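Chain residues, written in single-letter form:
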Amino acid sequence: MVVQRRNTTQRTEILHVLRGTDEFITAQDLHAALRTGGSGIGLATVYRALQDMAGAGDLDTVRKDSGEVLYRQCADSRHHHHLVCRHCGRTEEVEAPNVEKWARSVAADHGFVDLDHELELFGLCPQCADERTAARNDAAQPGAAG
Ligand SMILES: [Zn+2]
Ligand SMILES: [Zn+2]
Ligand SMILES: [Zn+2]
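Cut-offs applied
- Residues numbered from 1 in each chain as written.
- Chains lettered and ligands numbered in written order.
- Predicted model: local features only at pLDDT ≥ 70, side-chain atom pairs only at ≥ 80, totals over all residues.
- Heavy atoms only, no water.
- Helix = DSSP H or I, 4+ residues; strand = E, 2+ residues; numbered from the N terminus.
- Rg over C-alpha atoms; globule rule 2.2 N^0.38 Å.
- Buried < 20%, exposed > 50% of the residue type's maximum accessible area, 1.4 Å probe, protein only.
- Contact = heavy atoms within 4.5 Å.
- Areas by Shrake-Rupley, 256 points an atom, 1.4 Å probe, with all protein chains shown as cover.
- Donors = N, O, S within 2.8 Å, 3.2 Å for Na, K, Ca; no water.
- Tetrahedral: all angles 85-135°; square planar, octahedral: opposite > 155°, others 65-115°.
- Pairing = 2+ DSSP bridges.
- Axes fitted to C-alpha atoms, helices over the stretch in contact; angles between N-to-C directions.
- Core = buried A, V, L, I, M, F, W, Y, C linked by side-chain atoms within 4.5 Å.
- Salt bridge = Lys/Arg side-chain N within 4 Å of Asp/Glu carboxyl O.

A. Here's a closer look at the overall build of the chain. What the chain contains, in helices and strands, is five helices and five strands. When the helices and strands of the chain are placed in sequence order, the string is α-α-α-β-β-β-β-α-β-α. Taking 2.2 N^0.38 as the reference for a compact globule, 146 residues should give roughly 15 Å; the C-alpha atoms of the chain span a radius of gyration of 20 Å, well beyond that estimate. Seen through its C-alpha atoms, the chain measures out along the principal axes to roughly 65 × 55 × 25 Å. Within the chain, buried positions represent 27% of all 146 residues. Of all intrachain contacts in the chain linking residues separated by at least 6 positions in sequence, the fraction that spans at least 24 positions is 46%. Put simply, the chain shows about 10,200 Å² of open surface, and 49% of that area lies on carbon and sulfur atoms.

In structure tokens, the structure reads:
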């Protein structure tokens, strides 16, 4: 049996994994998930496909402080922004009408057209914030260490 692995097949595999997650994930995470699912796809192929799809606007990307790029296929194809938990990767899609208004007005002030922008907010989701508070409280207990 001859198995033809064309570009489109690999993209279908990648999109399948992305549709199954609500979080932004790295190319490595995606590659690991594909391998777990029995795919023989290579990491370099995953990187290239993700970059192509992001460039075509099929995927959303965010860049962490470390420079690592995370990918997600968003439910909403319209322009929107993200709140991303830097600890667990949980993502909320948010609209920012004030930001859009400000962007248009500041561009108009300077005569800029064909405007584009990206804005992602990184923080701790309520669950991770709770866990951090709990961990700090434990550490603050005298004699807790040991
Ligand atoms: Zn999104
Ligand atoms: Zn979190
Ligand atoms: Zn915006």
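B. Just the coordination of the zinc ion (ligand 2), in detail. The zinc ion (ligand 2) binds to the protein through Cys85 (SG), Cys88 (SG), Cys125 (SG) and Cys128 (SG), with metal-donor distances spanning 2.2 to 2.3 Å. Classification of the site at the zinc ion (ligand 2) rests on its four donor atoms, whose angles at the metal span 103 to 114 degrees, yielding the label tetrahedral. For the zinc ion (ligand 2), all donor residues lie on one chain, and their spacing in sequence is C-x2-C-x36-C-x2-C. With Cys85 in strand β3 (residues 81–85) and Cys128 in helix α5 (residues 126–140), the pair connects residues that are 43 residues apart, well separated along the chain. Side by side, Cys85 and Cys128 carry an identical accessibility label, which is buried.

C. Representation of the sheet that holds strand β5 (residues 120–123) in the model. An order of β4-β3-β5 is seen for the three strands of this open sheet, with the pairing classed as mixed. Either end of the sheet is taken by a strand with one partner, and the two such strands are β4 (91–94) and β5. Pairs of neighbouring strands in the sheet enclose a mean axial angle of 20 degrees, with direction left out of account. In this sheet, β4 lies alongside β3 in antiparallel orientation, the contact comprising four bridges. Looking at the pairing, His81 lines up with Val94 of β4.

D. Here's a closer look at the coordination of the zinc ion (ligand 1). Every protein donor of the zinc ion (ligand 1) is listed here as Cys74 (SG), His80 (NE2), His82 (NE2) and Glu93 (OE), and their distances to the metal cover 1.9 to 2.2 Å. Each of the four donor atoms bound to the zinc ion (ligand 1) contributes to angles spanning 88 to 124 degrees, and the resulting shape is tetrahedral. Each donor residue of the zinc ion (ligand 1) lies on one chain, and together they are spaced C-x5-H-x1-H-x10-E. His82 matches His80 in its accessibility class, with the two residues each being buried.

E. The pairing of strand β1 (residues 60–63), seen in detail. Relative to strand β2 (residues 69–72), β1 is paired through four bridges, and the arrangement is antiparallel. Among the inter-strand pairings, Val62 is bridged to a residue of β2, identified as Leu70. In this structure, the hairpin formed by β1 and β2 is closed by a connection of five residues, where Gly67 is found at a positive phi of approximately 95 degrees.

F. Summary view of the nonpolar core. By size, the foremost hydrophobic cluster in this structure holds 15 residues, and its most contacted members are Ile14, Leu18, Leu30, Leu34, Val46, Leu50 and Leu59. Counting only elements with at least two residues in this core, the list comes to α1 (7–19), α2 (27–36) and α3 (43–55). When sequence neighbours within four positions are dropped, the list of residues in contact with Val46 reads Ile14, Ala27, Leu30, His31, Leu34 and Ile41.

G. Looking closely at the pattern of salt bridges. For the structure shown, the criterion picks out four salt bridges. Linking Arg11 and Asp52 is a salt bridge whose minimum nitrogen-to-oxygen distance equals 3.0 Å. Here Asp52 lies in helix α3 and Arg11 lies in helix α1, a separation of 41 residues in the sequence.

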